[in-house]
Amino acid sequence: MGVDVSMELRTEKVYTEEKKGPATTQLTFDETYHLPDYLPDFFSVILSWGQIRMDETKCSQGHVQVQGTLQFRVLYRTGQNEWNICSLEGEIPFHEMMTLDEAKEFDMAQTEAILEDLTVRMINARKLNIRALVEIKVWARERVELNIPVAIDSEYPLEELHNTEVYLELCYRGTERWNLKEEVRLPSNKPNIRQLLWQQHQLLGREIRVNQGNVQVQGEIQIFLLYLGMEEDRLQWLELRVPYQYELDVAEAESDMIPCVSGQEPVMICRVQEDTDGEERMLLLEADTPVELRLYREVKREQLVDAYSLERQLQLQTKQVKFPQLHMKNSARCRVNDSIEIEKQEAEILQLGAGFGTVEAEHWEVTEQGIHVEGTVWVSILYLTSSDAAPVGAAEGLVPFQYDVEIPEMKSFYQIELQTGLAHLSFLMKSGTELEVQAVVDIETLITKEKQSELITGTEDREYDINWLNHIPGIAGIRLQKPDDLWNIAKKFHTTVQDIKTVNELSEEKRTDEMKLLVVKNNG
């Protein structure tokens, strides 16, 4: 029997991805910080703040390279100026090569860095000990190309069987720059800024929308400043909320795509600059942080799953593949209400300032209703006191939360991408030593399921074996039984589905158990 190559498989490309990992490590920092000469002596810590800035992540064969910086700020007491307070800031770079056996050179690295602990201790008036514990998780995301068979081009008539398959297609992935720049003018009832003592910022209620050609991110920036006024040498307290919006130009973006943004919160810096009148009344907020952006879309393909010919014997080559399908994308908000104690209070609290927080989802598990999430909100707040020696104090604490995200038909083996953030945070005085914390936590989940399928990868055709054809009866009466269908019967008895319908006067291919059929062999 001669082999012929007169057939060609026609395919369409679909790009998906495979997520590998994670690999986890912990970094311990134990550094000595020397106060610059221009800063006054250190007496005690009021509040410390830290954040991880990821500078570069890169995959190689079996490894993921992580490079970043621990940034910290400290508000402290000093006996060398009128208000007895000052602030300092510093950076500690780190570099880690993490082992991830499945990683490949051109995979995209996904990184999650959590600052578990930051402790600032005084060694002497000019020297501090900075200790921190950072947990880093990395994944490698491989872009996978699937060639979906859709038809066979042939010189001979073919019978083809198709079914509709749904894929979660990876339409775009890349590292974009979060370039944020906002100008804010001081309220008219606030004096010009002579010296900036402390600044804090955070993003609230982030929303992401995909448009044609760009991805739009919007939300609110909470700003808190502690400064000395120009005209009156008094301690000034400023809290603002500023809406922000920026766009990432992505040529591949379309409005029906599903966005997924990962990476660290942007590191923002507030600078004081002159307005048009030459007065120090303008605040410039800037951030330049890399973010990992992925865009997905559900696509349907009429996939060729089987084929045969009445004139030539067709041999199909196949392979097993795995690909993700979207189960559900969910956005939920969890309300959190709890109390924290103010420890070591030295004087009466006169006014509460701005509160800031970070959310960590520490554990989640699949339930019958969906996903049960447990986590904490770490909160801190500054306040003014009646004491001249210690006019500013701070309270910190952990507020637990739990929430059930409703995901119908959730299975334990589905893959979960979960992100959390703050939408709202406020504080109320319950008593002289107790604060009530009210927060709203955003919980974003992307649930996918892995499906296995057999894809046709190639075809060969040859002349039929005459002896095999002669063994097929010319006419047969059969009873339709599971798992047979008209396609399998037509292929087995060397005929077509349409011929079976015509002979048996079937208006449509609708399976009925125990149906009696008359099947006539088609000799082509």
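All of these numbers come straight from a predicted model, not from anything done at the bench. (Residues numbered from 1 in each chain as written. Predicted model: local features only at pLDDT ≥ 70, side-chain atom pairs only at ≥ 80, totals over all residues. Heavy atoms only, no water.)

Caption draft 1: Highlighting the overall build of the protein. For the protein, the helix and strand inventory stands at three helices and 22 strands. Whereas a compact globule of 524 residues would reach a radius of gyration of roughly 24 Å, the protein reaches 33 Å, over 25% beyond that. Within the protein, contacts between residues separated by at least 24 positions form 78% of all contacts whose residues are at least 6 apart in sequence. (Helix = DSSP H or I, 4+ residues; strand = E, 2+ residues; numbered from the N terminus. Rg over C-alpha atoms; globule rule 2.2 N^0.38 Å. Contact = heavy atoms within 4.5 Å.)

Caption draft 2: Molecular detail of the pattern of salt bridges. This structure, assessed with the given rule, holds 29 salt bridges. The closest approach of N and O atoms between Glu-417 and Arg-141, which form a salt bridge, is 2.8 Å. With Glu-417 in strand E19 (residues 415-431) and Arg-141 in strand E7 (residues 127-154), this residue pair connects regions lying 276 residues apart in the sequence. Assigned by exposure class, Glu-417 and Arg-141 land together as buried. When salt bridges with common partners are traced through the structure, they connect Glu-17, Lys-19, Arg-141, Arg-294 and Glu-417 into a single cluster. (Salt bridge = Lys/Arg side-chain N within 4 Å of Asp/Glu carboxyl O. Buried < 20%, exposed > 50% of the residue type's maximum accessible area, 1.4 Å probe, protein only.)

Caption draft 3: Representation of the nonpolar core within the structure. By size, the foremost hydrophobic cluster in this structure holds 34 residues, and its most contacted members are Leu-88 and Ile-136. For this core, the secondary-structure elements that each account for two or more residues are strand E2 (7-34), strand E3 (44-60), strand E4 (63-77), strand E5 (85-99), strand E6 (108-124) and E7. Element by element, the count of residues in this core is highest for E7, at seven residues. Filtering out sequence-adjacent residues up to four positions away, Ile-136 remains in contact with Ala-23, Thr-24, Thr-25, Leu-27, Val-66, Phe-94, Met-98, Thr-111, Glu-112 and Ala-113. Core analysis: the next-biggest nonpolar cluster, separate from the first, contains 33 residues, Trp-178, Ile-223, Leu-238 and Val-261 among them. (Core = buried A, V, L, I, M, F, W, Y, C linked by side-chain atoms within 4.5 Å.)

Caption draft 4: Structural context of the sheet that holds E7. Spatially, three strands are ordered E2-E7-E6 in an open sheet, and the strand pairing comes out antiparallel. Each of the sheet's edge strands pairs with one partner strand only, and the pair in question is E2 and E6. Each strand of the sheet is rotated relative to its neighbour by a mean of 5°, with strand direction disregarded. Relative to E7, E6 runs antiparallel, the two sharing 15 bridges. Paired with Asp-117 across the two strands is Leu-133, which belongs to E7. (Pairing = 2+ DSSP bridges. Axes fitted to C-alpha atoms, helices over the stretch in contact; angles between N-to-C directions.)

Caption draft 5: The arrangement of the sheet that holds strand E17 (residues 370-385) in detail. A sheet is described by the order of its strands in space; here three strands give the open sequence E16-E17-E18, paired in antiparallel fashion. The open sheet terminates on both sides in strands that have one partner only, identified here as strand E16 (349-366) and strand E18 (392-406). Taken over all neighbouring pairs, the strand axes of this sheet differ in orientation by 15° on average, direction set aside. Inspection of the sheet shows E17 paired to E18 by 15 bridges, in the antiparallel sense. Across the sheet, residue Val-379 finds its bridge partner in E18, namely Gly-397.

Caption draft 6: Fine view of the side chain of Thr-78. Note on placement: Thr-78 falls in the loop between E4 and E5. Here the side chain of Thr-78 touches Asp-41 through a polar contact of 2.7 Å, landing on its backbone oxygen. Other than its neighbours up to four places away in sequence, Thr-78 contacts Pro-40, Asp-41, Phe-43, Asn-84, Ile-85 and Cys-86. (Polar contact = N/O pair within 3.5 Å; in protein donor to acceptor, adjacent residues only side chain to side chain.)

Caption draft 7: Spotlight on a negative patch on the surface. A cluster of acidic residues, Glu-116, Asp-117, Glu-362, Glu-365 and Glu-374, forms a negative patch on the protein surface. Taken together, the elements giving at least two residues each to the negative patch come down to E6 and E16. Structurally, the position occupied by Glu-374 is in strand E17. (Patch = residues over 30% accessible without salt bridge, like charges linked within 9 Å, V, L, I, M, F, W, Y side chains within 5 Å. Areas by Shrake-Rupley, 256 points an atom, 1.4 Å probe, with all protein chains shown as cover. Lys, Arg positive; Asp, Glu negative; His and termini not counted. Charge placed at Lys NZ, Arg CZ, Asp CG, Glu CD.)

Caption draft 8: Seen up close, the confidence of the model for the protein. Averaged over every residue, the pLDDT of the protein is 90; the share at 70 or more is 96%. Mean pLDDT per element in the protein: strand E1 (residues 3-4) is the minimum at 50, and E7 is the maximum at 96. (pLDDT = per-residue confidence, 0-100.)

Caption draft 9: Local environment of the packing of aromatic side chains. Tallied over the entire structure, the rule returns nine aromatic pairs. Consider the rings of Phe-224 and Trp-237, whose centres lie 5.0 Å apart with planes at 75°: the pair is edge-to-face. Of this pair, Phe-224 sits in strand E10 (residues 214-229) while Trp-237 sits in strand E11 (residues 235-249); the two residues are 13 residues apart in sequence, bridging distant segments of the chain. Judged on exposure class, the residue Phe-224 and its partner Trp-237 are both buried. One residue, Lys-19, lies across the ring of Trp-139, its end atom 4.7 Å from the ring centre. One Lys or Arg, Arg-73, reaches over the ring of Trp-49 and ends 4.6 Å from the middle of that ring. (Phe/Tyr/Trp six-rings, centres within 6.5 Å; stacked < 30°, edge-to-face > 60°. Lys NZ or Arg CZ within 6 Å of the ring centre and 35° of its normal.)

Caption draft 10: Highlighting the environment of Trp-237. Classification of Trp-237 by relative accessible area gives buried; the value is 10%. Along the primary structure Trp-237 and Cys-334 are separated by 97 residues, whereas in three dimensions their C-alpha atoms are 30 Å apart. Non-local contacts of Trp-237, meaning those with residues more than four positions away in its chain, are made with Lys-190, Phe-224, Leu-225, Leu-226, Gln-351, Leu-352, Gly-353, Ala-354, Leu-382, Tyr-383 and Leu-384.

Caption draft 11: Geometry of the environment of Glu-374. A relative accessible area of 33% places Glu-374 in the partly exposed class. Sequence spacing of Glu-374 and Ala-423 is 49 residues, and the spatial spacing of their C-alpha atoms is 17 Å. Filtering out sequence-adjacent residues up to four positions away, Glu-374 remains in contact with Ala-361, Glu-362, His-363, Phe-401 and Gln-402. Of the polar contacts made by the side chain of Glu-374, one reaches the side chain of His-372; its length is 3.1 Å.

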